[in-house]
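Coordinates in review
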Amino acid sequence: MKIRGRLWRFGHDVDTDAIIPARYLNTSDPQELARHCMEDADAAFVERVQPGDIIMAGKNFGCGSSREHAPLAIKAAGVSCVIAEGFARIFYRNAFNIGLPIVESPEAVQGSQEGDEVEVDLASGRISNVTRGTTFTAQPIPPFMQELIRDSGLLGHVAKRLKEQG
Amino acid sequence: MGMTITEKILAAHAGVEKVAPGEIINAQVDVALGNDITAPLAIKAFGEMGANKVFDKDKVILVPDHFTPNKDIQSAEQCRLMREFAQEQDLTHYLEVGRMGIEHALLPEMGLVGPGYLVIGADSHTCTYGALGAFATGVGSTDLAAAMAAGEIWLRVPETIKFIYRGDCQPWVGGKDLILYTIGAIGVDGALYQAMEFTGEAISALEMSGRFTMANMAIEAGGKNGIFPPDEITLEYIRGRIKNGYTLYQGDEDASYAEIKEFDVSAIDPQVACPSSPANVQGVRELTGVAIDQAVIGSCTNGRLDDLRIAAHILKGKKVAPYVRLIVIPATQEIYLQALREGLLEIFVQAGGAVSTPTCGPCLGGHMGVLGAGEVAIATTNRNFVGRMGHPTSQVYLANPAVAAASAIKGKIVHPEEVVDK
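Note that the coordinates shown come from a computational prediction; the quantities given were computed from them, not determined experimentally.

1. Some details on the overall build of chain B
What chain B contains, in helices and strands, is 15 helices and 18 strands. Relative to the globule expectation of 22 Å for 422 residues, the C-alpha radius of gyration of chain B, 20 Å, shows essentially globular dimensions. Across its three principal axes, chain B shows a C-alpha extent of roughly 60 × 50 × 40 Å. Taking all 422 residues of chain B together, the buried fraction comes to 65%. When contacts within chain B are restricted to residue pairs at least 6 apart in sequence, those whose partners lie at least 24 apart make up 76%. For chain B, the computed accessible surface area is about 14,000 Å², with 49% contributed by carbon and sulfur atoms. The averaged location of the 49 negative side-chain charges in chain B is 5 Å from the averaged location of its 33 positive side-chain charges.

2. Topic: helix 2 (residues 39-48) of chain B
Across the 10 residues that make up helix 2 of chain B, a large majority, 7, are buried. Those residues of helix 2 of chain B that sit buried are A39, P40, L41, A42, I43, A45 and F46 of chain B. Packing partners of the buried residues in helix 2 of chain B comprise helix 4 (69-76) and helix 8 (153-165) of chain A together with strand 2 (31-35), strand 3 (60-63), helix 3 (73-88) and helix 5 (141-150) of chain B.

3. Overview of the sheet that holds strand 10 (residues 225-227) of chain B
Each strand in a sheet pairs with another by means of backbone hydrogen bonds, the pair being arranged parallel or else antiparallel. Residue and element names in this part refer to chain B. Spatial strand order, 10-9-8-11: 4 strands in an open sheet with parallel pairing. Sheet topology places strand 10 and strand 11 (259-264) at the edges, where each strand pairs with a single neighbour. Neighbour-to-neighbour, the strand axes of this sheet turn through a mean angle of 20 degrees, independent of strand direction. Sheet strands touched by helix 1 (residues 5-14): strand 8 (160-166), strand 9 (195-199) and strand 10. Its angle to strand 10, the strand with the most contacts, is close to 110 degrees.

4. Quick notes on the side chain of D36 of chain B
Residue and element names in this part refer to chain B. Tracing the backbone through its elements, the reader meets D36 in the loop between strand 2 and helix 2. No salt bridge forms around the buried D36; measuring N to O, its nearest opposite-charge neighbour R83 is 9.2 Å away. Among the polar contacts listed, one links the side chain of D36 to the backbone nitrogen of H66, at a separation of 2.8 Å. Each residue touching D36, except ones within four places of it in the same chain, is listed here: V63, P64, D65, H66, F67, T68, Q78, C79 and M82.

5. Here we look at the pairing of strand 3 of chain B
Residue and element names in this part refer to chain B. The side-chain alternation of strand 3 yields two buried faces, one formed by V60 and L62 and the other by I61 and V63. Here strand 2 runs beside strand 3; their pairing, made up of 4 bridges, is parallel. Considered in strand 3, the bridge of G34 is made with L62. With helix 2 bridging strand 2 and its parallel neighbour strand 3, the resulting β-α-β unit is right-handed. As paired elements, strand 3 and strand 4 (residues 93-94) share 2 bridges and run parallel to each other. Counterpart to I61 in the pairing with strand 4 is H93.

6. Quick look at the packing of helix 8 of chain A against helix 5 of chain B
Remark: helix 8 of chain A packs on helix 5 of chain B, axes separated minimally by 10 Å, with the N-to-C direction vectors making an angle of 5 degrees. When the interaxial angle is binned, helix 8 of chain A and helix 5 of chain B end up roughly parallel. In this structure, helix 8 of chain A contributes L154, L155, V158 and L162 of chain A to the contact, and helix 5 of chain B contributes T142, D143, A146 and A149 of chain B. The residue inventory of the contact of helix 8 of chain A with helix 5 of chain B, partitioned by class, reads 6 nonpolar, 1 polar and 1 charged.

7. Here we look at the nonpolar core
One recurring pattern in soluble globular proteins: nonpolar side chains tend to sit buried together. With 132 residues, the main nonpolar core has F61, I74 and F91 of chain A as its most contacted residues. No other element matches the 7 residues that helix 15 (residues 401-410) of chain B contributes to this core. The residue makeup of this core includes at least three contributed by each of domain 1 (5-263) and domain 2 (271-418) of chain B. Ignoring anything within four residues of it in the chain, the contact list for F91 of chain A reads I19, F61, G62, A70, P71, I74, L100 and I102 of chain A. Judged by nonpolar contacts, the second largest core, of 59 residues, contains L106, Y129, A134 and A273 of chain B.

8. Here we look at the environment of I5 of chain B
Residues and elements named next belong to chain B. Looking at where I5 falls in the secondary structure, it is placed in helix 1. Counting along the chain gives 114 residues from I5 to V119, while the straight-line C-alpha distance between them is 15 Å. Ignoring sequence-local partners within four residues, the contact set of I5 consists of E197, I227, F228, P229, P230, Y249, Q250 and G251.

9. Thoughts on the pattern of salt bridges
Evaluated as defined, the whole model comprises 31 salt bridges over all chains. Here D40 of chain A and R23 of chain A are joined by a salt bridge, their closest N and O atoms 2.7 Å apart. Of this pair, D40 of chain A sits in the loop between helix 2 (30-34) and helix 3 (45-48) while R23 of chain A is found in the loop between helix 1 (16-19) and helix 2, placing the two residues 17 residues apart along the sequence. Of the charged contacts in the structure, one is a salt bridge between R309 of chain B and D306 of chain B, with a shortest N-O distance of 3.5 Å. Separated by 3 residues within a single helix, R309 of chain B and D306 of chain B lie in helix 12 (residues 305-315), roughly one turn from each other. On the basis of relative accessibility, which here comes to 36%, the residue R309 of chain B falls in the partly exposed class.

10. As for the side chain of H125 of chain B
Residues and elements named next belong to chain B. Relative to the elements of secondary structure, H125 occurs in the loop between strand 5 (118-121) and strand 6 (135-138). When its relative accessible area of 4% is taken as the criterion, H125 is described as buried. Polar side-chain contacts of H125 include one of 2.8 Å to the side chain of E220. Excluding its chain neighbours within four sequence positions, the residues that come into contact with H125 are H104, N216, I219, E220, C300, N382 and R383.

11. A word on the packing of aromatic side chains
The description of two aromatic rings rests on the distance between their centres and on the angle between their planes. Scanning the model with the defined rule gives 17 aromatic pairs over all chains in all. Between F163 of chain B and F263 of chain B, the ring centres sit 6.3 Å apart and the planes meet at 15 degrees, which makes this aromatic pair stacked. Within this pair, whereas F163 of chain B is found in strand 8, its partner F263 of chain B is found in strand 11, the two being separated by 100 residues in sequence. Neither residue differs from the other here; F163 of chain B and F263 of chain B are each classed as buried. Judged by centre distance (5.4 Å) and plane angle (65 degrees), the rings of F212 of chain B and Y237 of chain B are edge-to-face. Of this pair, F212 of chain B sits in helix 8 (residues 208-216) while Y237 of chain B sits in helix 9 (residues 232-238); the two residues are 25 residues apart in sequence, bridging distant segments of the chain. Like Y237 of chain B, F212 of chain B is buried. Connected via pairs of aromatic rings, a cluster forms that spans F61, F87, F91, Y92 and F96 of chain A together with Y193 of chain B. Over the ring of W154 of chain B we find R93 of chain A, and its NZ or CZ is 3.9 Å from the ring centre. Between R241 of chain B and the ring centre of Y237 of chain B, over which it is positioned, the NZ or CZ distance is 4.1 Å.

The rules we used
- The numbering scheme is per chain: residues are counted from 1 as the chain's sequence reads.
- Whichever chain is written first is A, and whichever ligand is written first is 1; the rest continue in order.
- The predicted nature of this model means local features are confined to residues of pLDDT at least 70 and side-chain atom pairs, given and counted, to a pLDDT of 80 or more, with totals for whole chains, interfaces and linings taken over all residues.
- Processing note: side-chain calculations cover all non-hydrogen atoms of the structure and skip hydrogens and water entirely.
- We count a stretch as a helix when DSSP gives it H or I for four or more residues in a row; a strand needs E for two or more, and each element gets its number in order from the N terminus.
- The globule rule is 2.2 Å times the number of residues to the power 0.38, and the radius of gyration it is compared with is taken over C-alpha atoms.
- Type-normalised accessible area, obtained with a 1.4 Å probe on protein chains alone, sets the label of each residue: buried when under 20%, exposed when over 50%, and partly exposed for intermediate values.
- Contacts: residue pairs with any heavy atoms within 4.5 Å of one another.
- Per-residue and other accessible areas were derived by the Shrake-Rupley procedure at a 1.4 Å probe size, with only the shown protein chains allowed to occlude residues.
- Note that His is not counted, nor are the chain ends; the positive residues are Lys and Arg, and the negative ones are Asp and Glu.
- By convention, the point assigned to a charge is CZ for Arg, NZ for Lys, CD for Glu and CG for Asp.
- Strand pairing follows a simple DSSP-based rule, namely that at least 2 bridges must link the two strands.
- Note on geometry: axes are lines fitted to C-alpha atoms, helical ones only across the stretch in contact, with angles between N-to-C directions running from 0 to 180 degrees.
- We count a salt bridge whenever a side-chain nitrogen from Lys or Arg sits within 4 Å of a carboxyl oxygen from Asp or Glu.
- Throughout this description, a polar contact denotes any pair of N or O atoms lying within 3.5 Å of each other; where both atoms belong to protein, one of them has to be capable of donating a hydrogen while the other can accept it, and for residues adjacent in sequence the pair is counted only when both atoms sit in side chains.
- Look down the strands so they point away from you; if the path from the first strand over the helix to the second goes clockwise, the crossover is right-handed.
- Roughly parallel covers angles under 35 degrees, roughly antiparallel covers those over 145, roughly perpendicular covers 65 to 115, and oblique covers all other angles.
- Amino acids outside the nonpolar list (Ala, Val, Leu, Ile, Met, Phe, Trp, Tyr, Cys, Pro) and the charged list (Asp, Glu, Lys, Arg) are all regarded as polar, and Gly is one of them.
- Among buried residues, the Ala, Val, Leu, Ile, Met, Phe, Trp, Tyr and Cys ones that are joined through side-chain atoms within 4.5 Å form a nonpolar core.
- Reported domain spans reflect what an automatic or database domain assignment gives.
- Only Phe, Tyr and Trp rings take part, Trp by its six-membered ring, and two of them pair if their centres are within 6.5 Å. Stacked means planes under 30 degrees apart, edge-to-face means over 60, and tilted covers everything else.
- Note on geometry: a ring has a charge over it if NZ (lysine) or CZ (arginine) is within 6 Å of the ring centre and within 35 degrees of the ring normal.

This is the structure:
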């Protein structure tokens, strides 16, 4: 699967309160959450983000709370993928579980700027910065996570297991 | 090669002799926990998985604690969904407003978690239970749903960083200061994906309340779990509480650690994390004089009886500074009741403080003390990210209960010794 979009850059340690402030967590409706995505980091983001755009950030993206509302808000805001130098542990799991594509590549982050056009090939882990004509390779996805993706996320994986157990 | 305490608990729950860092295991869970923010999503996912029944009605625990007592109609609807699910599934532990508390203070108090348990919770501060010698970690709602359905969870076995705290703590220095100091030293991703094992003579001397505070904030360093080897203090705490047995694990002498970090605690002052990162830590003396609008004493980090006793000791016979709001939130009904019996609540009210029923409330900018534009709070909570307690331009300083109480009296950040002798 190939994803192509325009980059939005954020810094290191983007926390889940920045991605979706807790004051909006009295709902779990993804469209409602999407209206406040990244609000405390960049209030204009929601108005300007286009379907397919890509978020690019530094290390420890998604640190803080366990709220799955964070990747849900990003996905529902139309963001197609998050490329970061690294992800916080719970966010990493949550993103896979809800089907938000994420890739780790410090080199791609360091070699790209806001507004660049980038193409990500999730299968091969190849990241091409179309604007600059450069390519990078993402950290490989652990085999177990690949299995989760094959089962269409954790929902599908557990449904399969429940079926096996009868 | 031996195993760490974390590896032993994981191996036991995966039904294998041995595990090693990096390995992916499928582990049985002893407790699966959700709250009024995360459970509604989990319940939806539970249905979508095709699950009908929870794996064990005694082991799935739901606590409405974040926006409760319901702050608005939407919050009420989330709680209603959760309550209906609890009734339909006949859950043994649906812990209702008026009989509950902040989940991470409540579960240990009720003896629902204990040494050797594997606990997953859809709340990042689930790591608190590591204070008891349990493996406990936060997950998202879909992971919770899977655990509620199947009673198991996939986990990557973490490497362990061993922290050794040497020396005796100064007056007014406790678990909150040790963990803030640690996060300040290693950063908000200093223990990313790793287990944080807390040891040393300063830890052996630490009461359970201080250990809960430290384990609670392991996530603030990116840790998967924080863990304390169980000892006499642990056993004293669980006596008469634990209902379903427990197992005491200790790490092997030849266990392998990713890193060993040693700190001398004897020179550490009370610590304060400045806006807007729990790793932006300084000694309280460096910050003396920073004006505050609000002081919050409570939360899953520091809302326990010991915390309230320290705050009351400082506030007794004193008054909160003009134009400053002091908000005190006992973490559970049991703590509230005991604080009432001991006269602590009277001290807070006499001092001009507001006392609230247990709730996470202001910690996450939910209700019961949300900050306006540019306002500054000192709080005994765990996070001070931008907008965490309210308006994006408000600021939060994190500190221990003594510093928060003393600062409420002075209207600015001060060392507790400026207000009262030890």
